[in-house]
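# Architecture and fold: a report
Okay, here's what each chain looks like letter by letter:
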Amino acid sequence: MAKWGITAVQPTKRREQIEQIVVTAEQMREIEGRIFDAGMPVAALMEKVAGLITRRIQTLYPYPQTRRVGVLVGPGHNGGDALVVARELHCQGYEVLIYRPINKLKELTCQHARYAQSLGIPFYEQIQPLLDCDVIIDGLFGFGQTRSLEGNLADTVKQLNQLSLPILSIDLPSGIHTDTGEVLGTAIRATRTFCLGLWKQAFLQDQGLDSLGEAELIDFGIPLADIWAVLGQSPGLMRVTPSMVRDCLPLQRPAATYKYKEGHLLLVCGSTQYSGGAILTALGARASGVGMLSVAVPESLKPLLVSHVPEALVIGCPETNSGAIAQLPDSVNLSKFSAIACGPGLTLDAKSLVQGLMGVECPLILDADGLNSLAELKTIPTLIRRQGATVLTPHVGEFKRLFPDSAELLPDRVSAVQKASVLSRAVILLKGARSAIANSQGSVWLVPESTPALARGGSGDVLTGLIGGLVAQPATAKFPLDATVAAAAWCHAQAGILAAQERTELGVDAFTLSEYLIPVFQEGSKAPRLQGRGCRNVRRGTRASRGANKGQMMNDVP
């Protein structure tokens, strides 16, 4: 995982580092506590943060196109932020209305409320007067909320969610658990959320995505020394960002090279029942640029694979009565491959084949029926006997079969995948709307965006081939394995986003998805690398700026 140095950094590099860090509620409290203990007045920081939010709101909803602004004020400092924003918008000519359902406020928040009232800003205990506003600002509750919204508050939130008004949440939508993203009873469904200071874990969990809307980070200048003092030199949670990916991809090759020097990947996949799994996995591997690709399939599928991937060395294998691979031919020397990917379309009739592959010393990537076979072989005892590295790519259902004890932590995907990786000593990619990639030390990469267009059969097969192809290449061997897997997952998601933009979310089949990987790599190869970056920088964390908003490609990094 990344290791960081506590030194002065340029603004661009600072932004890159800040955009990668993900914190829990407890870590954020500790970081803010250090700031306040060092002498930063709480009131001064509140003014600074609220000023940044106000400027963003004015950019997004300029006056006089937007005139009436409703502000929801809670009892804590999140409510204080909202009151400062309300005051500043009032001073800029907006008509501001404040909903304050709780009378007892923290002292600083109470002071801001008194001043707002002195300016003539109206306060209401009911939500009805705010329902005809042009935009709503949600400052009811921020990070650290653990109790469900109930009673009148819950009714108010439900009423707001039924409207078509844009809602801007400060730090987190009210009703969202900071770490798990869980909806606590009910929650504001925000149009946009301004995450304050550092990314909270909820933004990278599947549970809260319907409530978060478009998310952006408001960097209010937390000293890096305070961050490292709390997180240590190797932060446990990191967002995958465009230039981290750029640094990990083998986008440039030596002038004098040849195919076997650029990696040799073996795919073991497919059956007569699921022939498409072998084709799609091979197409994902093809897009990776791996030097040599071998594909082991049932003998009867060999002509089909040759017709789709003519550059691959297709190995016909003896078949079971059900059309699965019975075994690899004796002529196949497993020691000559840089990596092996196994599973898509295989069926459980090939379980003995999967068991035999567990003894290979090169990296082994397991997906689909490779994972189902592993679960039947007893996951953890089988994995800890392996000498080589292992990558598992389960969706939630497969994860539950593989790791029933870790699955008890779901739907907190981060905690679940951390525990499973530590126990199994494998790199695990838990697929989802926000995929999580964990290593055996418990560090986790989080992919910050994806698209529902990938919720189609075969898209995971493409990802398996892509991971295998990247892992097999010698240029990626100097990077941690989990970083390479995370880069592959990010590229896969970006290909889906790009394809959906051009073809709609309904028009992205797995074959089409594989073709959009190349444009993602093209953008990466055209973008200049940031000065001084190399393999050691991925470990030290000096990688790029924030993860792309929808459709943003690698050359959009500032």
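Residues numbered from 1 in each chain as written. Predicted model: local features only at pLDDT ≥ 70, side-chain atom pairs only at ≥ 80, totals over all residues. Heavy atoms only, no water.

### Quick notes on the side chain of Thr 156
Definition in use: The helix and strand labels rest on DSSP assignments: H or I over at least four residues marks a helix, E over at least two residues marks a strand, and numbering proceeds from the N terminus. Any pair of N or O atoms that falls within 3.5 Å is considered a polar contact. Within protein, one atom must be able to donate a hydrogen and the other to accept it, and sequence-neighbouring residues count only if both atoms are side-chain atoms. In what follows, a contact means two residues having at least one pair of non-hydrogen atoms within 4.5 Å.
Among the secondary structure elements, Thr 156 is positioned in helix H6 (residues 151-161). There is a polar contact of 3.2 Å between the side chain of Thr 156 and the side chain of Tyr 99. Beyond its immediate sequence surroundings of up to four residues, Thr 156 is in contact with Tyr 99 and Ile 127.

### Comments concerning the pairing of strand E5 (residues 135-139)
How we decide: Remark: exposure states derive from per-residue accessible area (1.4 Å probe, protein chains only) relative to the maximum for the residue type, with buried under 20%, exposed over 50%, and partly exposed in between. Two strands make a pair as long as DSSP finds a minimum of two bridges between them. Handedness of a crossover is defined as follows: orient the strands so they point away from the viewer, and if the path from the first strand over the helix to the second runs clockwise, the crossover is right-handed.
Of all five residues that make up E5, five are buried, and the element is covered over most of its length. On E5, burial covers both faces: Val 135, Ile 137 and Gly 139 on one face and Ile 136 and Asp 138 on the other are all buried. One ladder, built from five bridges, connects strand E2 (residues 68-73) with E5; its direction is parallel. If you follow Gly 70 over to E5, its bridge partner there is Ile 136. Summarising the sheet, E5 and strand E6 (residues 167-170) pair through three bridges and their orientation is parallel. Bridge assignment links Ile 137 to a residue of E6, and that residue is Leu 168. Since E5 and E6 lie parallel, the crossover through H6 that links them has a hand, and here it is right-handed.

### What about helix H13 (residues 369-376)?
Think of an α-helix as turning once every 3.6 residues; residues three or four places apart then point the same way. Counted residue by residue, H13 has six buried out of eight residues, so it is predominantly covered. When we look at burial in H13, the residues that qualify are Asp 369, Gly 370, Leu 371, Asn 372, Ser 373 and Leu 374. Along its buried surface, H13 packs onto strand E14 (339-342), helix H12 (351-357), strand E15 (364-366), helix H14 (379-383), strand E16 (390-392) and helix H15 (396-402). Residue Lys 378 follows H13 closely and has a positive phi angle near 75°.

### Section: the packing of aromatic side chains
What describes a pair of aromatic rings is the distance from one ring centre to the other and the angle between the planes of the rings. Rules: Pairing of aromatic rings covers Phe, Tyr and the six-membered ring of Trp, with a centre-to-centre limit of 6.5 Å; geometry is then stacked below 30 degrees between planes, edge-to-face above 60, and tilted otherwise.
What the rule picks out here adds up to three aromatic pairs. Pairing Trp 199 with Phe 203 gives two aromatic rings, centres 5.3 Å apart and planes at 70°, and the pair type is edge-to-face.

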